[in-house]
Structures are given as structure tokens and as C-alpha cells.
Amino acid sequence: MGKEVFNGFESQEATECVAELARFFPGIVPVRIPVLIFKGNSARAAAEQTIIEFGTAEECLFVCGLSLDFEDVVHVKTADGALDCTAKIVAMRLQDDKMAFAARFLNDVTNWIARAAECRNAVAASGN
């Protein structure tokens, strides 16, 4: 599932699933950041490509096919390493066979949402 989500084939269904979970997080913003999610706090654990659909300064929300549960620790990493941190699963929502997760960062992640917005704006300006 993760590769399909990453390539956009399940984007609409995944976004709807995460959007339902996002209603419970004040200050949440849409971000759409491609990431790898690793089960555990190691970059050598089982991983899946997905997209962070929404985020706050402290949390990120995504759909993932890994077997995760409340309190599980995940490692979240972007391809360029701009986001490379550990987080704990704090909420889950199942909708239409998709599982959305909310993970709270275990350490401060400085301006990660602002950097995501800058990247989106640069891509939009380049016409891609």
C-alpha cells in the first residue's frame, strides 16, 4: 500500500481517511510531504513510503500499512533528510480499509512545516 500512496494512486482515499483524524488536532495544516516511516526508532527497521498529509508543530498525520499500535515508536524521514526524527503513535483511525495515524514527535523539530511550505512554493513557482 505504501508505494501506491507515495505514487498518488490512493491519494484521494488516503487524504479523506487522514482528514477525518485531523479534525481532532487544533492548528493542523495540510502539508503533503513524501516520507519513509520506519517501525521503531531505527532506520534499519521495516519501512514504508507514504505522505504526511497534515501536521502541527508537534505531530504529523499519515496513512500507513505497517502494523502499528498506540504508543509504538516510528522513525520519520524525508529523502533529503530535512525531517529525520522519532515519534510516538498517539491516535489512529480506520476508514475504508485505510489506517490513518497521528504521531507526536519525541524531540523538538524546528520549523518542519515552514520548510515544507517553502518547498511546495518553490515547486509551484517552477511549474512542476
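**Remarks on the pattern of salt bridges**
Step number 1: Under the counting rule described, the total for this entry stands at 5 salt bridges.
Step number 2: Among the ionic pairs, Arg-23 bridges to Glu-20, the shortest N-O distance being 3.4 Å.
Step number 3: For Glu-53, the salt bridge is made with Arg-32, and the minimal N-O distance between the two is 2.8 Å. Remark: Arg-32 occurs in strand S1 (residues 29-39) and Glu-53 occurs in strand S2 (residues 47-55); sequence separation between them is 21 residues.
Step number 4: By relative accessible area, which is 3% here, Glu-53 ends up buried.
Step number 5: Within this structure, Glu-20, Arg-23 and Arg-93 form a network of salt bridges that share partners.

**Re the state of the cysteines**
In a disulfide, the sulfur atoms of two cysteines are held together by a covalent bond.
Step number 1: This model, assessed by the stated rule, comprises 0 disulfides.
Step number 2: The cysteine Cys-85 is free of any disulfide, with Cys-60 supplying the nearest cysteine sulfur at 6.6 Å.

**Some points on the sheet that holds strand S3 (residues 59-63)**
Hydrogen bonding along the main chain pairs the strands of a sheet, whether they run parallel or antiparallel.
Step number 1: With antiparallel pairing, the 6 strands of this closed barrel are ordered in space as S1-S2-S3-S6-S5-S4. In this sheet, neighbouring strand axes are inclined to one another by 45 degrees on average, regardless of whether the strands run parallel or antiparallel.
Step number 2: Inspection of the sheet shows S3 paired to strand S6 (residues 98-105) by 5 bridges, in the antiparallel sense. Residue pairing for S6: Phe-62 is matched across the bridge by Phe-101.

**Focus on unusual backbone geometry**
Step number 1: With a phi close to 50 degrees, Asp-96 is a non-glycine residue in the positive phi region.
Step number 2: Counting through the fold element by element, Asp-96 comes out in the loop between strand S5 (84-95) and S6.
Step number 3: Overall, the relative accessible area of 59% leaves Asp-96 in the exposed class.
Step number 4: We note that Asp-97 has phi near 65 degrees; this positive angle belongs to a residue other than glycine.
Step number 5: Secondary-structure assignment places Asp-97 in the loop between S5 and S6.

**What to know about the nonpolar core**
Step number 1: If you look at the biggest cluster of nonpolar residues, it comprises 21 residues, and the most contacted ones within it are Ile-37, Ile-52, Cys-60, Phe-62, Val-74, Val-76 and Trp-112.
Step number 2: Only S1, S3, strand S4 (73-77), S5 and S6 provide two or more residues apiece to this core.
Step number 3: Among the elements that make up this core, the one with the highest residue count is S1 (4 residues).
Step number 4: With sequence-adjacent residues up to four places away left out, Ile-37 is seen in contact with Ala-46, Ala-47, Glu-48, Thr-50, Phe-62, Cys-64, Leu-66, Val-74, His-75 and Val-76.
Step number 5: Counting residues in each nonpolar core, the second largest holds 11 residues, with Phe-25, Phe-54, Val-63 and Ala-100 among its members.

Conventions adopted
Residues numbered from 1 in each chain as written. Predicted model: local features only at pLDDT ≥ 70, side-chain atom pairs only at ≥ 80, totals over all residues. Heavy atoms only, no water. Salt bridge = Lys/Arg side-chain N within 4 Å of Asp/Glu carboxyl O. Helix = DSSP H or I, 4+ residues; strand = E, 2+ residues; numbered from the N terminus. Buried < 20%, exposed > 50% of the residue type's maximum accessible area, 1.4 Å probe, protein only. Disulfide = S-S within 2.5 Å. Pairing = 2+ DSSP bridges. Axes fitted to C-alpha atoms, helices over the stretch in contact; angles between N-to-C directions. Core = buried A, V, L, I, M, F, W, Y, C linked by side-chain atoms within 4.5 Å. Contact = heavy atoms within 4.5 Å.

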